[in-house]
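Observations on the model geometry
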Amino acid sequence: MIYFLNTVIDTEKRSIFNGGTRLKASTSNFDLLVYFAKHSNTIINRNELMENVWNGRVVSDATVYKQVTRLKEDLLSQISDEELIQTVHGQGFIFVLDVTSLPSKRTNTEIPEINDKTKEQTYFWLLLALILALILAFIIYQVYSIKTSNQKLNKKIERLAIVYQDESNQNSNSINPKALAQVMQSQLLMSDFLNTKLEKAKNIGQNFKQNSTTLIQDLGYDYVLNMRLQDHGEGIKAHVYLRKSNNMVPMQIFESSNLYQLVNQVTNWVIQQLQLSTTLEGNNITKSEKAFDDYIAGVRLVLQNQEVQALEKFQLAVAQDAEFWIAWNAIAVMKRNSGKINEAIEILNRIDLSKASNRLAFLVNNTRAGCYYRLGQLNQSVSAYSQALKYARRFNDPIFLVTALVNQSYMFADIKQTENARANLEEALLYVDKERQRTQLAAIYSSLSNIYSNNLFDVEKALNYAELSYKTFKAAGNENYTYVALNVWADILFNNAKLQKAQDAYQQVLEYTRNKNDTVNELFALKSLININLLYGQFDQARIQLNDFKSKLVNVDTAALKAEYLKSEFTYFLYTNNYPQTLSFLEKLNIEVSAMDNPVLAQDALVLKYEYQLAVHPENLSENDIPKIRESLTDIANQNYLAAKILANNQQWGKADGLFQNSISQYRKHGQMLKLIYVNNQYLKLAFASKHIPDSILMLLNEIEELNPPAYPFLKIKALYEQLSGNSQKALALIQQLKKQANQWWQQADENWLNELNKS
């Protein structure tokens with residue numbers, strides 16, 4: 001037996017009792033609590049927990065942290081308001097409470113004799129003390145029960161989704177169901193953030209059971225309230241359904257001539273159905289019925305895109321009640337959205353957060369962060385999100401926490417604090433229900449994939465998160481985002497030279513987008529497939545796809561896609577040695593890019609321009625042109641590669657070798673493996689043509705081969721090396737292998753070389 005506070009742990013029967021009530025506990029929570037209790041007031045690190053709770057099984061820090069969090073939320077929150085388990089930064093956790101074990105049985109010791117009168121007095125005082133102790137324990141238990149009940153109410157309300165259906169008369173304008181739902185959320189301590197999560201719940205009708213299942217599984221809510229609203233001559237009628245997990249509460253009908261009363265009726269019924277106390281944390285809803293009505297009218301007008309009239313209603317609401325803080329926040333949001341950012345900030349500063357609930361304090365700081373972002377004050381925006389997170393952590397709402405963490409991660413990324421952005425996203429993963437909130441989980445995976453790919457250059461993690469994003473969207477049944485994620489995954493595979501896997505993924509995206517008539521995303525996938533076919537020498541297939549691209553581009557007004565098409569045509573004609581057409585498409589690309597504000601495409605066009613000059617007129621570029629090239633290009637790897645190629649064409653290998661190596665190192669560092677293969681091949685091709693063998697030749701050849709490159713020109717370059725090294729038989733074997741795999745890259749010159757090797 002273990003005792004602390006009003007709690008008893010029976011380690012033999014694996015039971016926990018609090019105030020006489022048996023608490024439910026999972027196996028993991030029970031084992032973890034017993035270990036903490038047996039080692040109270042002692043710092044316990046992760047390794048000790050793995051050894052004694054996980055029985056030596058190695059688990060991640062995130063798993064340990066999450067299990068401790070679950071123990072606090074699921075079990076210890078029912079035992080005490082205090083934080084019994086505290087985190088000691090960099091060391092572990094500590095259970096801050098004195099714990100006692102069951103006293104051992106008394107031994108047979110001699111008891112001194114006492115007279116009967118003394119015995120009676122002793123028994124009287126013992127009985128009185130026992131009665132007083134029982135009374136005190138009962139009072140404490142009642143106070144504790146009320147407090148615990150209020151905490152449970154807040155937690156259950158945080159897991160309640162409100163959906164709506166309008167069956168009002170056609171000529172009526174007295175009800176806006178979305179406005180009513182929003183007010184209900186305020187009454188029940190919910191935020192207007194929920195409204196953005198209700199797309200799947202529209203027109204629910206008789207499919208409420210199916211749609212509420214979607215809300216519960218995909219968005220992680222435990223309870224779903226559906227209101228079907230009607231108005232008539234006598235007032236307003238609401239048909240209300242409530243689903244608690246898998247149980248449907250029988251339909252209830254509420255009717256009132258007053259919207260304010262109707263909201264209160266439904267609110268009280270919901271609280272009653274949740275079987276908890278009606279005492280709520282301060283919800284910042286006004287006690288003024290007139291202010292309340294104006295607020296509802298304002299929300300209704302916002303939803304009807306009548307911003308000027310809505311603002312007037314919100315201002316009337318705060319004129320009735322100067323401490324109607326939700327209405328003040330609504331005014332600030334409207335000011336922000338209309339571009340009056342400084343006015344919005346001034347309004348937010350009026351709100352007295354000392355009198356606000358934690359939820360409203362979160363919303364105010366969230367609004368403030370958005371204001372700073374629009375002003376371009378990203379550091380202040382980050383700071384405001386930090387404040388929002390502080391309040392979100394107080395009431396521990398996963399939805400709020402994830403929202404703030406993800407939004408702040410975007411700010412961190414914008415100010416180049418990539419590590420902070422990564423840390424935010426990975427912390428957000430701890431608060432997402434991985435079984436039910438799959439859509440949100442997949443979006444976080446997607447953001448992490450982007451950060452690891454474009455900022456941290458960790459290819460393996462980028463691929464891992466991209467794959468997780470795709471699979472999670474798929475598990476959530478979200479088709480559109482599934483194929484967007486698959487396309488992102490394919491892009492990372494492509495850039496890292498995993499071409500066969502990328503091709504399979506792009507083909508799946510292509511088939512899906514064609515079935516959905518999604519021409520824009522179809523063309524992006526088609527563009528990538530064209531590039532892969534060009535790399536593998538399948539020029540006829542690429543030509544068919546280019547013609548298909550061109551015919552569908554007519555119906556798409558997307559400048560970026562047009563530029564991608566022109567780049568692909570340029571590459572096709574460059575690879576097939578049709579230089580007049582290559583130049584023609586280069587000129588068209590330059591015209592298109594000059595009309596766009598897209599620095600990435602502008603840089604791509606410049607690189608293609610220099611590649612064309614080096615392929616067709618290399619004699620026109622010399623060392624004197626290198627400073628101009630460096631000035632025009634922002635990417636150091638591209639600068640060094642083009643400079644090295646110019647120097648190599650002019651036989652200045654002393655300088656060219658170092659620049660080639662430097663550019664290859666940069667591409668490797670940034671995870672641009674396809675570019676690394678291309679530059680490596682170009683380097684060795686030029687070197688062997690000049691009978692120049694770099695010192696690092698074997699390392700370079702091995703590095704390309706490990707990346708499983710297209711056969712052409714790698715096998716040809718490797719054969720050249722073997723021939724220059726006097727290994728004609730190896731060279732012949734490589735060229736014979738190349739002929740089988742080169743497709744339309746294979747030219748008459750290659751055939752002639754094969755014949756010469758056969759003769760020798």
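Described below are features of the structure shown in this document.

Counting secondary structure elements, the protein chain contains 32 helices and 11 strands. Intrachain contacts of the protein chain at a sequence separation of at least 6 include 58% that bridge at least 24 residues. As displayed, the protein chain has an accessible area near 38500 Å², and 48% of this comes from carbon and sulfur atoms.

Right, let's get into the packing of helix 12 (residues 358-374) against helix 13 (residues 378-395). Contact pair helix 12 / helix 13: the axes reach a minimum separation of 8 Å and the direction vectors enclose 165°. On the basis of the axis angle, helix 12 is roughly antiparallel to helix 13. Considering the relative orientation of helix 12 and helix 13, their crossing is left-handed. The segment helix 12 lies against helix 13, with Asn-358, Arg-359, Ala-361, Phe-362, Asn-365, Asn-366, Arg-368, Ala-369, Tyr-372 and Tyr-373 engaging Leu-378, Gln-380, Ser-381, Ala-384, Tyr-385, Gln-387, Ala-388, Tyr-391, Ala-392, Arg-394 and Phe-395. Its residues placed into classes, the contact of helix 12 with helix 13 shows 12 nonpolar, six polar and three charged.

In this fold, Gln-723 is placed in helix 30 (residues 711-724). Separated by 34 residues in sequence, Gln-723 and Leu-757 place their C-alpha atoms 9.2 Å apart.

Attention shifts here to the packing of helix 18 (residues 479-495) against helix 19 (residues 499-515). Helix 19 packs onto helix 18 with a crossing angle of 155° between their chain directions and a minimal axis gap of 8 Å. Comparing the axis directions of helix 18 and helix 19 gives the class roughly antiparallel. By crossing handedness, the relation of helix 18 to helix 19 is classed as left-handed. Counting all contacts with helix 18, which are made through Glu-479, Asn-480, Tyr-483, Leu-486, Asn-487, Ala-490, Asp-491, Leu-493 and Phe-494, the residues of helix 19 involved are Leu-499, Lys-501, Ala-502, Ala-505, Tyr-506, Gln-508, Val-509 and Tyr-512.

Turning to the nonpolar core, a few remarks are in order. Within the largest apolar cluster, 168 residues are counted, with the highest numbers of intra-cluster contacts made by Phe-362, Ile-444 and Phe-660. It is helix 28 (residues 673-689) that contributes the most residues to this core, 10 residues altogether. In this view, Ile-444 contacts Val-402, Val-406, Leu-425, Ala-428, Leu-429 and Val-432; residues no more than four positions away in its chain are not counted. In terms of nonpolar packing, the next biggest core, distinct from the first, is built from 29 residues, Leu-33, Leu-75, Phe-93 and Phe-95 among them.

Take the packing of aromatic side chains next. With the rule as written, the count across this model stands at 18 aromatic pairs. Within the aromatic cluster, the residues linked to one another by ring pairs are Phe-549, Tyr-565, Tyr-572, Phe-573 and Phe-585. Between Arg-543 and the ring centre of Tyr-572, over which it is positioned, the NZ or CZ distance is 4.9 Å. Here the basic side chain of Lys-588 rests over the ring of Phe-585, its NZ or CZ set 4.6 Å away from the ring centre.

Tracing the sequence through the fold places His-692 in the loop between helix 28 and helix 29 (697-706). Sequence-distant contacts of His-692, defined by excluding residues within four places in its chain, comprise Trp-653, Asp-657 and Ala-687.

Cut-offs used in this document
Residues numbered from 1 in each chain as written. Predicted model: local features only at pLDDT ≥ 70, side-chain atom pairs only at ≥ 80, totals over all residues. Heavy atoms only, no water. Helix = DSSP H or I, 4+ residues; strand = E, 2+ residues; numbered from the N terminus. Contact = heavy atoms within 4.5 Å. Areas by Shrake-Rupley, 256 points an atom, 1.4 Å probe, with all protein chains shown as cover. Axes fitted to C-alpha atoms, helices over the stretch in contact; angles between N-to-C directions. Parallel < 35°, antiparallel > 145°, perpendicular 65-115°, else oblique. Left-handed = near helix turned anticlockwise from the far one by under 90°. Nonpolar A, V, L, I, M, F, W, Y, C, P; charged D, E, K, R; others polar. Core = buried A, V, L, I, M, F, W, Y, C linked by side-chain atoms within 4.5 Å. Buried < 20%, exposed > 50% of the residue type's maximum accessible area, 1.4 Å probe, protein only. Phe/Tyr/Trp six-rings, centres within 6.5 Å; stacked < 30°, edge-to-face > 60°. Lys NZ or Arg CZ within 6 Å of the ring centre and 35° of its normal.

Just geometry here; none of it tells us what the structure is for.
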